[in-house]
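Listed below, chain by chain, are the residues.
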Amino acid sequence: MNSKKTFTATRWRHFNGCVLTLIAAVVMIPGMTTYIPFQESEQIVLPIMLFPIIWPILFIYSYMAEKAWHPFVLMMLVIITHALFSYLALTGSST
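The shown structure was predicted, so the numbers you read here are calculated from the model rather than taken from an experiment.

Regarding the overall build of the chain
Moving on, step 1. Along its length, the chain carries three helices and zero strands.
Moving on, step 2. Element order for the chain, N to C, with α for helix and β for strand: α-α-α.
Moving on, step 3. Looking at the chain alone, contacts between residues at least 24 apart form 72% of all its contacts between residues at least 6 apart.
Moving on, step 4. For the chain, the accessible surface area stands at approximately 6800 Å², while carbon and sulfur atoms represent 71% of it.

Set out below in C-alpha cells:
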C-alpha cells in the first residue's frame, strides 16, 4: 500500500488558501484600478467583477502547487505590489 500523502505542509497550505488568498484578492481590487487602461467607470467595475475569478484561482493554486512556499511567495508579491500601486495612487505620486 502507498503511504504517500496528497500534499505536504498542510498548515502552510491552509494559511495560504484561507488567509493570504483573501487578502491578496482584496488588495488586488484597488491596485488594479491604477493600471487598467480603460475609462474611469470600467477601471472600478472590472476588478470588482474579476474578484470571483481571482479568489478561486489563488485558492486552488495554494493547494495544488508542488511546493507550499510557491503560493506564499506569489501572494506576498501580489499583496506588496498592489498595495504599493494603491499607495502611489492615493498620494498622487507618479511612477
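Now, onward.
Focus: helix H1 (residues 10-32)
Moving on, step 1. The end-to-end C-alpha separation of H1 is 31 Å, in line with the 33 Å expected for 23 residues at 1.5 Å each.
Moving on, step 2. Those residues of H1 not exposed but buried are Arg13, Asn16, Gly17, Leu20, Thr21, Ala24, Ala25, Val27, Met28, Gly31 and Met32.
Moving on, step 3. Where H1 is buried, its residues meet helix H2 (40-64) and helix H3 (69-91).

Some details on the packing of H1 against H2
The relative placement of two packed helices comes down to the angle between their axes together with the axis-to-axis distance.
Moving on, step 1. The geometry of H1 relative to H2 is characterised by a closest axis approach of 9 Å and an angle of 155° between their N-to-C directions. Here H2 runs roughly antiparallel to H1, going by the angle between their axes. With respect to the hand of their crossing, H1 and H2 are arranged in right-handed fashion.

A word on the packing of H1 against H3
Moving on, step 1. Running from N to C, H1 and H3 point in directions that differ by 25°, and their axes come no closer than 8 Å. With respect to their mutual orientation, H1 and H3 come out roughly parallel. The handedness of the crossing between H1 and H3 comes out as left-handed. Where H1 approaches H3, its residues Trp12, Phe15, Asn16, Leu20, Thr21, Ile23, Ala24, Val27, Met28, Pro30, Gly31 and Met32 are matched on the opposing element by Pro71, Phe72, Met75, Met76, Val78, Ile79, His82, Ala83, Phe85 and Ser86.

What to know about the environment of Ile44
Moving on, step 1. Among the secondary structure elements, Ile44 is positioned in helix H2.
Moving on, step 2. For the pair formed by Ile44 and Thr33, sequence separation is eleven residues and the distance between their alpha carbons is 6.0 Å.

What about a nonpolar patch on the surface?
Moving on, step 1. A cluster of nonpolar side chains, contributed by Trp12, Phe15, Val19 and Ile23, occupies part of the molecular surface with about 360 Å² of accessible area.
Moving on, step 2. Within the element layout of this structure, Ile23 appears in helix H1.

Some points on the nonpolar core
Moving on, step 1. Core analysis: the biggest nonpolar cluster contains eleven residues, these being Leu20, Ala24, Ala25, Met28, Met32, Ile36, Ile54, Leu58, Met75, Val78 and Ile79.
Moving on, step 2. Going through the elements one at a time, H1, H2 and H3 are the ones with two or more residues in this core.
Moving on, step 3. With residues near it in sequence (within four places) discarded, Leu58 still touches Thr21, Ala24, Ala25, Leu74 and Met75.

Reading the values: rules and limits
- Residues numbered from 1 in each chain as written.
- Predicted model: local features only at pLDDT ≥ 70, side-chain atom pairs only at ≥ 80, totals over all residues.
- Heavy atoms only, no water.
- Helix = DSSP H or I, 4+ residues; strand = E, 2+ residues; numbered from the N terminus.
- Contact = heavy atoms within 4.5 Å.
- Areas by Shrake-Rupley, 256 points an atom, 1.4 Å probe, with all protein chains shown as cover.
- Expected span 1.5 Å × (residues − 1).
- Buried < 20%, exposed > 50% of the residue type's maximum accessible area, 1.4 Å probe, protein only.
- Axes fitted to C-alpha atoms, helices over the stretch in contact; angles between N-to-C directions.
- Parallel < 35°, antiparallel > 145°, perpendicular 65-115°, else oblique.
- Left-handed = near helix turned anticlockwise from the far one by under 90°.
- Patch = residues over 30% accessible without salt bridge, like charges linked within 9 Å, V, L, I, M, F, W, Y side chains within 5 Å.
- Salt bridge = Lys/Arg side-chain N within 4 Å of Asp/Glu carboxyl O.
- Core = buried A, V, L, I, M, F, W, Y, C linked by side-chain atoms within 4.5 Å.

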